[in-house]
Amino acid sequence: MEPESKIRVLIAKPGLDGHERGAHVVAYGLRDAGFEVIYTGLRQTPRQIVNTAIQEDVDVVGLSILCGAHLSLTQMVINGLKEGGAEDILVLVGGIVPEEDIPRLKEMGVGEVFTAGTPVSAVSNFIRAAVSAS
Amino acid sequence: MTENFFLRFMDIHIKKTKTADHSWESLVAGVQARNIRAMARLITRVENREPGWKEAMKAVYPLTGSARIFGITGSPGAGKSSLTCEIAEELVKRGHQVGIIAVDPSSPFSGGALLGDRLRMKKIFTMKEIFIRSMATRGMLGGLSQAARDVARIMDAFGKDIILIETVGVGQDEIEVVKTADRVMMVCIPGQGDGIQALKAGVMEIADIYIINKADLPGADEVMADICAMLNLSSQNGQALPPVLKTSALKNQGISELADSLLSHPAGSSKDTLRREIQAREEILSLMENDVFRAIRSRWEQSGALTAEVRKMVEENKDPYSIVSELLQQIDGKADLFSS
Amino acid sequence: MPENKKETDKIEQAEKQWQQQVIEKRVARFNLSKSPTRFYSPTSIKNFDFLEKVGFPGLYPYTAGSNPFDFWRAYAGDAAKTGYRPDWGGAGGVGKYGGFGTAEDYRDYLIRMHAMGRTGGPNMAFDLVTQCGYDSDSPYAEGEVGRVGVAIDSFRDFAVIYEPYTGNLEIDKVPSNFTINAPAAVIIAMYATLAEKRGIPLDKLRGTPQNDILKEFIARGTYIYPPGPSLRLFRDTCVFCTRYMPKFNINSMGGYHIREAGATRVQDLAFSMANAAAYIRAGISGGLAVDGFAPMLTFNAFGGSMEIYQEIAFQRAARRIYARMVKEKFGAQNPRSMMIRQPITAHIGCSSTTLQRPLNNLTRAVVGGIAAGMSGGIPGAFPPYDEPLGLGHSQEAVQLQLDATRILIYEAKVADVNDPWAGSYFMESLTDEIESEALAEMEKIENMGGAVAAIENGYMQKAISKSAYERQKQIERQEDFVVGVNAFTGSNEISVNVNRVVEATYDPQLLKTAEKRQLRKLEQLKQERNGRAVSAALSDLKKHAKDESVNLMSDICECVRNDATLQEICDVLREVFGEFQQTKL
């Protein structure tokens, strides 16, 4: 079999929030969509997420946040990526995000926000389109 | 039902993602300049076997040769990732620059993979002396060990002087990977008897250090006795037995002793020379095998010969042995080169 | 009652005929492979023994209910006339579940609540920093201090919350709830220390800590130590509460979080029962008699789905399994040991609510309320319809939720009959089915070595992640339907305006400055306290932590008394116990 290029995605849970269901489901779903998914578990600091994203050379960082701290945590990750010269990595956010915060996240540079009820196939299609468009 | 979701998400402006504007030359230069992003990017492109990868590796090769490569294998659940993390931390304390390659299997169905070894390595994510790369097996025919070798070389060129390759000791591919290491650690745990199972599965000959991890659990001494007995049985006269060590990654016990044992190994012993020769031979053969196979296959596919022969086999009941020898004859013209 | 063989045969015969002459014809007429509905008859529950399987409400095996009626039901009539407004999660005399900012912020909030007549005891939510055993100055705390609950760094913070609780609201008069798990021992020690400083006998204290650490590994993620040492801490709190605080519940376990994390019904039941068994064993290993402490174990809730019949059967099966387990396996004799004490029975679970067309969630909640009323609980229409829209509920959503519950109680009268499904061929058969599947799963866990082993080897965590993923795939493939999500969607969608005026309970300005104010207090504490006494208390704790047989509660109380911080206490234990490492997916 010929080796081929794979889309690599980091699914990360920043902060102390321990609700992992969404992250797990998305990780499984993206694996089954043919992506290489790096899952780092709970309690990741923004610094850890940024370092992992750069070392693993991922195309996408997916942040799963359900504790209401999405604005500050996402900002820290995006700043860190910028500092590490990795601002081209696509950042996506999933979890409990009130509608009014979505434009603010996008202003920060988040590619898309996926809230409850989003099919995983929508996430994988979005990623595939975004990554191949580059 | 998903259509409306797709519509919602697809019409938005898509941000630029990873740009492939880096030339091979600039990436190799970046690695030499210790640019982490360049190393990570180069690894991706070499792993993807993008056109030009071999030329890039030719440029990387002269920069390598100073790193020692240690393989870590063992059954699932033996605590390899935690142990890798502890060893890496200990080696950094001793002044080393460490690269880690953590291998996980790709899904045979989707080709995707869930790479989770980092879960157990959180505390070293932000240490600047450590670079971790997760690798999926990607179902490459014998290609995994070559890809791992390449990744290790890129890390070596960057300046990592110790490279740890962690992989599950099941499946031929994974075993081939650890065989590329200078020294191989085999991780067993008390209670399950898995360690012994793995020994039987053929990792026995390649391991240089045996580790009983989670040694604080009951049954550690029994596993130790089992392993020692096995090693004694299979040892040849006068040959020194490989060390058998107890560790607990969770409690950080035995790690320093393990690091001592790893590092104390004198380079250039006759056994090492022999191993290096075997590894070199295997690498040359595997690269060549790969190239020859790819060349022949693509020619057959493009000319339509393969399709035609498949049809003959299915519809006319032609035997596959003749098909292959005939096709090879066409390529070479000399039947004796391929006949055996 | 012996079955009448002749009668049974007759029914069986009739059923077979019906199957052939009616069902099969109908199925063929609509070109189906099988019937989309089912019917249950006496053949579904052959040899049904009423007393053995169901019994009477308030009697073993409690299938028909732990109590014939609860406190709220007794006074439901009076409550209707007075306009009584129950607070969600505020059962048993505690106020609304909440907490935010610093201890001072939360104290001031409680004072405002008291002025409004809501005088229940504090029902505390802690911020994630506290839940994970860190102080506000930990690098992990950045951005999280006081966010999802109140920040507690030391006994001083804890005592501030209780400033308004004096006189009629003294802690020997009102109970307290603490939704805390990994550092539960520290919070219980704080409560005991508070009583000690106020000169109140510990045996007068009432309240409930969540103290259900095992489900944290499986579902909620706020663990600290590995499962073994965590259970040892549970043992120590269990023994301490039993000896000194006999009116204080030991824990509040449940499968609610496990289900929300993706478990199937059977996994939910089996895992929470396996956890309960582990807690009971821990108490016994601490030298207690089962009847000495089991009556003080409580459950918060388990279950949670839209499948109303299954959820009712689930509650019945849970009561029976627990009663039999505690009696037969652990030899309890006190009936109170055997009953599931929980404020909520069946419900839909927050994960059944949808972001799409959120008003539908009110309909969903009402279905859950009916199931609750039919399974022995308050028919609570839970949660408010705007649950999935973000953290916090609007006044309108809360009002609709409360009224829905009232309509179910007073107009529909769902709570006037105990276990209305008792004896139903269908419900009894379904209860048996869920019970036997859960028992089989429990046995599997037992063979692994119990809940702790099944967590250590990652079995439970992996099992529920897989179930969550399976459920997701089912929805995406449209094998199961969720209205407005994967079914009945399209261009004809009408947008319904949703009121999102969230009750301004927490001042957002205060939240912004909470971290800074908390840090200042922490710094001050470290300057003012007796450093030598702190070190001495911590080093005693460390020494004793190494000896598994020692109960650590008195050492922890000593640390608390001397103003050691929550993280300092947890760090000492981290050093001895290690930290839990997640298993791979």
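All right, on to the sheet that holds strand β3 (residues 60-65) of chain A then. Sheet architecture is open: six strands sit in the order β5(A)-β4(A)-β3(A)-β1(A)-β2(A)-β3(B), paired in parallel fashion. Taken across any chain shown, the strands that pair with only one partner, and hence form the sheet edges, are β5 (112-114) of chain A together with β3 (113-115) of chain B. The mean angle between the axes of side-by-side strands here comes to 25°, regardless of whether they run parallel or antiparallel.

Let's shift gears to the sheet that holds strand β1 (residues 123-125) of chain C. Residue and element names in this part refer to chain C. Across the sheet, which stays open at both edges, the three strands sit in the order β1-β2-β3 with parallel pairing between neighbours. Only two strands of the sheet have a single partner each, and these edge strands are β1 and β3 (207-209). Ignoring which end each strand starts from, the neighbouring axes of this sheet average 10° apart. With three bridges connecting them, β1 and strand β2 (residues 176-179) associate as parallel partners. Bridging from a neighbouring strand, Ala 125 pairs with Thr 179 of β2.

Summed over the entire model, instances satisfying the criterion amount to 31 aromatic pairs over all chains. Aromatic side chains Tyr 28 of chain A and Tyr 469 of chain C sit 5.3 Å apart centroid to centroid with 25° between the ring planes, which places their arrangement in the stacked category. Taken together, the positions of Tyr 28 of chain A in helix α1 (residues 21-32) and Tyr 469 of chain C in helix α20 (residues 459-476) put the pair across two chains. Of the two residues, Tyr 28 of chain A and Tyr 469 of chain C, both sit in the buried class. An aromatic cluster is defined as three or more aromatic residues linked by ring pairs; in this entry it consists of Phe 158, Tyr 162, Tyr 165, Phe 178, Tyr 191 and Phe 248 of chain C. It is Arg 34 of chain B that lies over the ring of Phe 158 of chain B; its NZ or CZ is 5.8 Å from the centre.

This paragraph deals with the interface of chain A and chain B. Each partner contributes to the interface: chain A provides 55 residues, whereas chain B provides 45 residues. The junction of chain A with chain B conceals about 4300 Å² of combined surface from both sides, 54% of it contributed by carbon and sulfur atoms. The interface formed by chain A and chain B contains six salt bridges. Glu 56 of chain A serves as the salt-bridge partner of Arg 118 of chain B, at 2.6 Å between the closest nitrogen and oxygen. Taken together, the links from chain A to chain B amount to 22 residue pairs in polar contact (both at pLDDT 80 or more). Contributions of two or more residues to the side of chain A that touches chain B are made by α1, β2 (36-39), α2 (46-55), β5 and α5 (120-132) of chain A.

With 14 residues of chain C at the contact, the number on the chain B side is eleven residues. For chain C, the biggest contributors to the area lost against chain B are Gln 581, Gln 582 and Lys 584 of chain C; these three give 44% of the whole. With a closest N to O distance of 2.6 Å, Lys 584 of chain C and Asp 104 of chain B form a salt bridge. Tallied by class, the residues present in the side of chain C that touches chain B amount to four nonpolar, seven polar and three charged.

What follows covers the domain arrangement of chain C. It is common to give the size of an interface as the accessible area that goes away when the parts come together. The domain boundaries assigned to chain C delineate domain 1 (5-39) and domain 2 (51-480 + 502-509). Computed from C-alpha coordinates alone, the two centres of domain 1 of chain C and domain 2 of chain C are separated by 43 Å.

The next subject is unusual backbone geometry. Residues and elements named next belong to chain C. Looking along the chain, the bond that leaves Tyr 60 and enters Pro 61 is cis, with omega of 0°. You can see Pro 61 is positioned in the loop between α2 (50-53) and α3 (71-74). At the junction of Phe 382 and Pro 383, the peptide bond is cis and its omega measures out at -5° in the coordinates. Relative to the helices and strands, Pro 383 is located in the loop between α16 (360-374) and α17 (395-411). Positive phi, normally seen in glycine, also occurs at Asn 47, with a value near 55°. Overall, Asn 47 belongs to the exposed group, its relative accessible area being 63%. Even without a glycine there, the phi angle at Arg 357 is positive, about 45°. Tracing the backbone through its elements, the reader meets Arg 357 in the loop between α15 (335-338) and α16. Residue classification places Arg 357 among the partly exposed residues on the basis of a relative accessible area of 28%.

The rules behind the values
- Residues numbered from 1 in each chain as written.
- Chains lettered and ligands numbered in written order.
- Predicted model: local features only at pLDDT ≥ 70, side-chain atom pairs only at ≥ 80, totals over all residues.
- Heavy atoms only, no water.
- Pairing = 2+ DSSP bridges.
- Helix = DSSP H or I, 4+ residues; strand = E, 2+ residues; numbered from the N terminus.
- Axes fitted to C-alpha atoms, helices over the stretch in contact; angles between N-to-C directions.
- Phe/Tyr/Trp six-rings, centres within 6.5 Å; stacked < 30°, edge-to-face > 60°.
- Buried < 20%, exposed > 50% of the residue type's maximum accessible area, 1.4 Å probe, protein only.
- Lys NZ or Arg CZ within 6 Å of the ring centre and 35° of its normal.
- Contact = heavy atoms within 4.5 Å.
- Buried area = accessible area lost by both parts, 1.4 Å probe.
- Salt bridge = Lys/Arg side-chain N within 4 Å of Asp/Glu carboxyl O.
- Polar contact = N/O pair within 3.5 Å; in protein donor to acceptor, adjacent residues only side chain to side chain.
- Nonpolar A, V, L, I, M, F, W, Y, C, P; charged D, E, K, R; others polar.
- Domains from an automatic or database assignment.

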